[in-house]
Amino acid sequence: MSPEVREALAVALGEELGPARSVSGGDINDAWAARCGGETVFVKTRPGAPGSTFRVEAMGLRWLAARGPLRVPEVLAFSEDPPFLALEMIEAGRRAPDFDDALGRGLAALHRNAADQFGLDHDNFIARLPQDNTPTETWAEFYWERRLRPQVELAQRAGLVSSSMATDFERLAARLPERCGPVEPPAPLHGDLWSGNLIVDEAGTPVLIDPAAYAGHREVDLAMMQLFGGFGPRVFATYHEAYPLDSEWKQRVPLYQLYPLLVHVNLFGGSYVGGVQRALHAML
């Protein structure tokens, strides 16, 4: 941990900072466990991170915490210069026997707590990529204008999406009002809910971390959960029991996987283009 971050963190927390050790914290940020005031604090830093990075992550964590029963780490402090985010340290535990049920019910309760509009009152990030959350009138408009189109254009500028694929996306855009599923109220979303953004606390219960939060269609979170695996069938069964899904929701999984697949194309390159093509053709 840099001296600048140590000094700013001590000021923000109002306590002298003790020893800090490097811990695992993802591929993008550096992560530290630091002693402060007799407690251990989890600290994320990234030299050169955009100034709003950790501020909007803190806002997203607090936004989710206020809207559902699922635990998220408590925000202790954040700074734009030097950039850091300090959170409560959650000690890892073993999954309780009802872990999947608790996750399914908790996610259903989060999604039931409807927001006023699609989007959010501030923009944020998904991984390193900016995420525009400017509200729109309809979900179909939001999903195209704020999610798919910016990623398609970014990938096309990098030579990762062909002109024919871009044309197919335009065809999909015209059909989105009929492809997006039944009209539902805007659901608070984690926004990047893969298994790496779910941890187990000391009581064996689920904890959501690293959100890319906004209000959208609830099937977005469910589709992301199925993209890379890591979630058992009981999670989805319990979710459906608590907040029943439309009978055709599974047919729309490729549609809502398009966004994270495009994000992976723009972060990691052409190895994900085939997945984009398959999901796109499934929805045309």
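Only a predicted model underlies this, so the values are computations on that prediction, with no experimental measurement involved. Sequence order as written defines residue numbering, which begins from 1 separately in each chain. Whole-chain, interface and lining totals are the exception, using all residues; otherwise, since this is a predicted model, local features are given only for residues with pLDDT of at least 70 and side-chain atom pairs are given and counted only at 80 or more. The side-chain figures draw on all heavy atoms in the structure; neither hydrogens nor water molecules are used.

1. A short note on the side chain of Thr238
Our working definition: Helical segments are the DSSP runs of H or I of at least four residues, strand segments are the runs of E of at least two, and each set is numbered from the N terminus. In the analysis that follows, any N or O atom pair within 3.5 Å is treated as a polar contact, provided that within protein one partner can donate a hydrogen and the other can accept it, and provided that, for residues neighboring in sequence, both atoms belong to side chains. By definition, residues are in contact when any of their heavy atoms lie within 4.5 Å.
As for its position among the elements, Thr238 is in helix H7 (residues 233-242). Here Arg234 takes part through its backbone oxygen, which lies 2.8 Å from a polar atom of the side chain of Thr238. Residues contacting Thr238, with those up to four places away along its chain left out, are Asp101, Gly104 and Arg105.

2. Some points on helix H2 (residues 53-65)
What counts here: In a helix, the anticipated span is given by 1.5 Å times the number of residues less one. Categorising residues by exposure relies on relative accessible area from a 1.4 Å probe, with only protein chains included: less than 20% of the type maximum marks a residue as buried, more than 50% marks it as exposed, and the intermediate range marks it as partly exposed.
For H2, which comprises 13 residues, the first-to-last C-alpha distance of 19 Å matches the rise-based estimate of 18 Å (1.5 Å per residue) to within 8%. Those residues of H2 not exposed but buried are Thr53, Phe54, Val56, Glu57, Ala58, Gly60, Leu61, Trp63 and Leu64.

3. Brief notes about the pairing of strand E5 (residues 83-88)
To be explicit about the condition: Between any two strands, pairing holds if DSSP finds at least two bridges.
Counting buried residues in E5 gives five out of six residues, a clear majority hidden from the surface. In this structure, the hairpin formed by strand E4 (residues 75-80) and E5 is closed by a connection of two residues.

4. Things to note about the sheet that holds E5
Here is the rule: Only C-alpha atoms enter the line fits that serve as axes; for helices the fit covers just the stretch in contact. Angles between N-to-C directions range over 0 to 180 degrees.
Strand order across the open sheet formed by five strands is E1-E2-E3-E5-E4, with antiparallel pairing between neighbours. Across the chains shown, the open sheet's two edge strands, defined by having one partner strand only, are strand E1 (17-23) and E4. Adjacent strand axes in the sheet meet at a mean angle of 25 degrees, parallel and antiparallel pairs treated alike. Sheet topology note: the E1/strand E2 (residues 30-36) ladder contains five bridges and is antiparallel.

5. Notes on the environment of Tyr239
Within the secondary structure, Tyr239 sits in helix H7. In sequence terms Tyr239 and Glu141 are 98 residues apart; their C-alpha atoms lie 27 Å from each other. Among residues more than four places away in sequence, those in contact with Tyr239 are Gly104, Leu107, Ala108, His111, Arg218, Leu222 and Leu245. In this structure the side chain of Tyr239 is engaged in a polar contact, spanning 3.2 Å, whose partner is the side chain of Arg218.

6. Concerning unusual backbone geometry
Between Asp81 and the following residue, Pro82, the backbone shows a cis peptide bond with an omega angle of 0 degrees. The residue Pro82 is located in the loop between E4 and E5 in this model. Non-glycine residue Ala127 carries a positive phi angle of around 55 degrees. By the element assignment, Ala127 lies in the loop between strand E6 (124-126) and strand E7 (129-131). Phi at Asp210 takes a positive value of approximately 50 degrees, unusual for a residue other than glycine. Structurally, Asp210 can be placed in the loop between strand E10 (206-208) and strand E11 (214-216). Owing to a relative accessible area of 26%, Asp210 belongs among the partly exposed residues under this scheme.

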